[in-house]
Protein chains: 2
Amino acid sequence: MNLLFAIDDNVVDQLLTTLYSIQVNTPKTPLSIYVIQNKPLTQTNRIKEFCDKRNVEYHPVLIDGDLFKDAPVTDRYPATIYYRLLAHNYLPEDLDRILYLDIDILVINNLLPLYNLDMEDNLYAAASHSALTSDVTDSINKLRLGNYEAESYYNSGVLLMNLPLIRKQVKAEDIFNYINENKNTLLLPDQDVLNGLYGHQFKKVPDEIYNYDARMSVIYQTLSTGEWTLDWVITHTVVLHFCGRDKPWKSEYRGRYSGLYKHYAHLAKLV
Amino acid sequence: MNLLFAIDDNVVDQLLTTLYSIQVNTPKTPLSIYVIQNKPLTQTNRIKEFCDKRNVEYHPVLIDGDLFKDAPVTDRYPATIYYRLLAHNYLPEDLDRILYLDIDILVINNLLPLYNLDMEDNLYAAASHSALTSDVTDSINKLRLGNYEAESYYNSGVLLMNLPLIRKQVKAEDIFNYINENKNTLLLPDQDVLNGLYGHQFKKVPDEIYNYDARMSVIYQTLSTGEWTLDWVITHTVVLHFCGRDKPWKSEYRGRYSGLYKHYAHLAKLV
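Not measured: the values here are computed from a predicted model. Along every chain, residues carry numbers that run from 1 in the direction the sequence is written. For this description, chains carry letters from A and ligands carry numbers from 1, given in the order in which they are written. In view of the model being predicted, local features appear only for residues whose pLDDT reaches at least 70, and side-chain atom pairs are presented and counted only at 80 or more, with totals across whole chains, interfaces and linings using the full set of residues. Each side-chain value is derived from all of the structure's non-hydrogen atoms; neither hydrogens nor water enter the calculation.

A few points about the interface of chain B and chain A
It only takes one pair of heavy atoms within 4.5 Å for two residues to be counted as in contact. Residue-level contacts link 22 residues of chain B with 22 residues of chain A. By buried area we mean the combined loss of accessible area, with a 1.4 Å probe, across both parts when two parts are placed together. Both sides together, the interface formed by chain B and chain A hides about 1,800 Å², and carbon and sulfur atoms give 56% of it. Taken as a group, B:Arg254, B:His263 and B:His266 account for 28% of the area that chain B buries against chain A, more than any other trio of residues on that side. Only one rule defines a salt bridge in this text: a Lys or Arg side-chain nitrogen within 4 Å of an Asp or Glu carboxyl oxygen. At the boundary of chain B and chain A, one finds 2 salt bridges. The partner of A:Lys262 in a salt bridge is B:Asp231, with the nearest N and O atoms 3.0 Å apart. Contacts described as polar in this section are N or O atom pairs within 3.5 Å, which, within protein, must combine one atom able to donate a hydrogen with one able to accept it, while residues neighboring in sequence count only if both atoms come from side chains. Summed over the shared surface of chain B and chain A, the number is 6 residue pairs in polar contact (both at pLDDT 80 or more). Where helices and strands are cited, they refer to DSSP runs of H or I of at least four residues and of E of at least two residues respectively, numbered from the N terminus. Of all the secondary-structure elements, those providing two or more residues to the side of chain B that touches chain A are helix H12 (230-236) and helix H13 (258-270) of chain B. Considering every element that reaches the side of chain B that touches chain A, the biggest residue donor is H13(B), with 9 residues.

Remarks on the sheet that holds strand S7 (residues 154-162) of chain B
Residues and elements named next belong to chain B. By this definition, two strands are paired if DSSP reports at least two bridges between them. Read across the open sheet, the 7 strands follow the order S3-S2-S1-S4-S7-S6-S8; overall the sheet is mixed. Unpaired on one side and paired on the other, strand S3 (57-62) and strand S8 (202-205) mark the two borders of the sheet. Strand after strand, the sheet turns through a mean of 25 degrees between neighbouring axes, direction not considered. Two strands pair when backbone bridges link them, and strand S1 (residues 2-6) and strand S4 (residues 97-101) are joined in this way by 2 bridges, in the parallel orientation. When the bridges of S4 are listed, leucine 4 appears paired with tyrosine 100. With axes taken as lines fitted to C-alpha atoms, and helix axes fitted only over the stretch in contact, angles between N-to-C directions fall between 0 and 180 degrees.

Let's talk about the confidence of the model for chain A
Note that predicted coordinates carrying low pLDDT should not be read in detail. What pLDDT expresses is the predictor's confidence in each residue, scored from 0 to 100. Per-residue confidence for chain A gives a mean pLDDT of 91; residues scoring 70 or more make up 98%. Among the scores for the predicted complex, ipTM is 0.91 and pTM is 0.92.

Re H13(B)
Counted at 1.5 Å a residue, the expected span for H13(B) with its 13 residues is 18 Å, and the 19 Å between its end C-alpha atoms agrees. Among all positions in H13(B), only B:Ser258, B:Gly259, B:Leu260, B:Tyr261, B:Lys262, B:His263, B:Tyr264, B:Ala265, B:His266, B:Leu267 and B:Ala268 are buried. Take the residue count of a helix, subtract one, and multiply by 1.5 Å to get its expected span. Exposure is judged per residue with a 1.4 Å probe applied to protein chains only, and the accessible area is read against the type maximum: over 50% gives exposed, under 20% gives buried, and values in between give partly exposed.

Overview of the relation of the copies chain B and chain A
Only residues with pLDDT of at least 70 in both copies count here: their C-alpha atoms drive the least-squares fit that superposes the copies. After a rotation of 180 degrees and a shift along the axis of 0.0 Å, chain B superposes on chain A with an RMSD of 0.0 Å. With respect to symmetry, the two chain copies, as superposed, fit the operation of a two-fold axis. Closest approach to the rotation axis within chain B is made by the C-alpha atom of B:Leu260, at a distance of 2.3 Å. Taken as a fraction of all interface residues of chain B, those also at the interface in chain A reach 100%, which identifies the copy contact as same-surface.

Side note on unusual backbone geometry
In this structure, A:Asn55 takes a positive phi of about 60 degrees despite not being glycine. Here A:Asn55 is to be found in the loop between helix H2 (44-54) and strand S3 (57-62).

What to know about the pattern of salt bridges
When the charged atoms of two side chains lie near each other, side chains of opposite charge can form a pair. Per the counting criterion, the structure on display carries 18 salt bridges over all chains. With a shortest N-O distance of 3.7 Å, A:Arg84 and A:Asp102 are connected by a salt bridge. Residue A:Arg84 is found in helix H3 (residues 81-85), and its partner A:Asp102 is found in the loop between strand S4 (97-101) and strand S5 (105-107); the two are separated by 18 residues along the sequence. A residue is classified by how much of its surface remains accessible, and A:Arg84, at 10% relative accessible area, is buried. Here B:Asp13 makes a salt bridge to B:Arg46, at a shortest N to O gap of 2.8 Å. One end of the pair, B:Asp13, is in helix H1 (residues 12-25); the other, B:Arg46, is in helix H2 (residues 44-54), and 33 residues separate them in sequence.

Observations concerning the nonpolar core
Buried Ala, Val, Leu, Ile, Met, Phe, Trp, Tyr and Cys residues form a nonpolar core when they are joined through side-chain atoms within 4.5 Å. Counting residues in each nonpolar core, the largest one holds 122 residues, and the members touching the most others are A:Leu3 and A:Leu111. Once you skip the residues sitting within four places of it in the chain, A:Leu3 turns out to touch A:Leu19, A:Ile22, A:Leu31, A:Ser32, A:Ile33, A:Tyr34, A:Ile98, A:Leu99, A:Leu101 and A:Leu111.

Concerning the packing of H1(B) against H13(B)
Residues and elements named next belong to chain B. At their nearest, the axes of H1 and H13 sit 8 Å apart, and the two run at 95 degrees to each other. In terms of orientation, H1 lies roughly perpendicular with respect to H13. Two secondary-structure elements touch here, H1 through Asp13, Gln14, Leu16, Thr17, Tyr20, Ser21, Val24 and Asn25 and H13 through Tyr261, Tyr264, Ala265, Leu267, Ala268 and Lys269. Three residue categories are used. Nonpolar comprises Ala, Val, Leu, Ile, Met, Phe, Trp, Tyr, Cys and Pro, charged comprises Asp, Glu, Lys and Arg, and polar comprises the others, including Gly. Of the residues in the contact of H1 with H13, the class split is 8 nonpolar, 4 polar and 2 charged. If an angle is under 35 degrees, it is roughly parallel; if it is over 145, roughly antiparallel; if it lies from 65 to 115, roughly perpendicular; otherwise it is oblique.

Observations concerning the pairing of S1(B)
Residues and elements named next belong to chain B. For S1, the buried fraction is high: 4 of the 5 residues fall into the buried class. Relative to strand S2 (residues 32-37), S1 is paired through 5 bridges, and the arrangement is parallel. From the neighbouring strand, leucine 4 faces S2, where its bridge partner is tyrosine 34. Note that the unit made of S1, H1 and S2 has a crossover that is right-handed. Classification remark: right-handed applies to a crossover when, strands pointing away from the viewer, the course from the first strand over the helix to the second runs clockwise.

As structure tokens, this is what we get:
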């Protein structure tokens, strides 16, 4: 299973926590991780040592700044936002599938069913959080981003990539142009670009399984008329996503999954 | 590491959850479990299969009712209360140490430091919860049970046994006599008997490490003037004990460690 992360030195612990949770809950599956970084991490040895001990293949992916010399780069749009959008340009050419994951994620059940998803002729697979906020969010985002063919507005924190098709269709030039033309309406640059340009070529997966917003337990339970309880989540949900500003690695974090996250973070440190 | 449990058919899931949590957090340690049962469990095969897969030695310990023919047995004092008190009578004679654990327990760090504790010439090692309630609890219990030499009133849910010494000193007759004489003041029969008869021969271990009462997070934090936070517990506490009526395997349970417990329960089912 090929996994893609994009990190800097401040989130190495979080990367290893996510990775450890994947390995525990997706047993007997060889893992290869590709870790995008715009300069060599000072903690490279720590990642290497972890991966050696846990039998994970580690591929650091150092970004060549030249790739983005034509990109519109400002304070609000640092070059890093393109790393995930153009990952296919600096991943090995023989890779045909990779799963990108944010590092504020904990995997608590087997990831393989997502990884092996039939993507049909879609570029990406991802989940939408629109149902959590309101039914009109999708419409507002379609209007804002000008993509009326897209079924939903997708969260790009868990993003399965169909690399052969992406190599053919996702071009740096299109992305740079889109950003230049839409600068004023983009809120989350990389996620908006993905949705604006390619939202109609996404395969939708259920967020309660593959991108559960850990802040929203009560809303999930209401939406499902009582079905998606804590027990249901523990049994069925694969990806817990700690969206928003309160992060589970902070000492004051007290969300429903705080003990679970912190325990995995602790176990990852013991490796 | 020798572990002792006493169960019936209703708590097999709980036993396996506790056991799984021990194995994950006490790696590279061969486990032998002795499971006291007063009739053969209908779920014996499930325990056997689990132990086979996880490489745990399983020893069912069937209780011979004749051992208790002289015991005072009533509705309030069923014969099962003696199983733990007299375990040494039906465990192999070459065993010199065993750790008894209740099944409402989750182990979240390495158990070996407790198991390898220097017991000196004490019969048992255990923790006290007296500090959680009030400083006078110990005194009241000493008075109630008539043992003024005991340092504390011990919780017997996590009980390390010094078997050679116990075989010499802990006699069925003494226990039966003590119960007959103190019937009216005993609240938790087996725990009270241990404390009343042998409380002065206990080695005390810290409850915040080896018998953390999961209901009492706020009180622990206060007692330690802020030190024993969730992060501290995750890093230092070995045994979480889900004391009281609200049990973490119930669907409505919402304690701070509910997600963590339920995740281990789920993993144990996948074995």
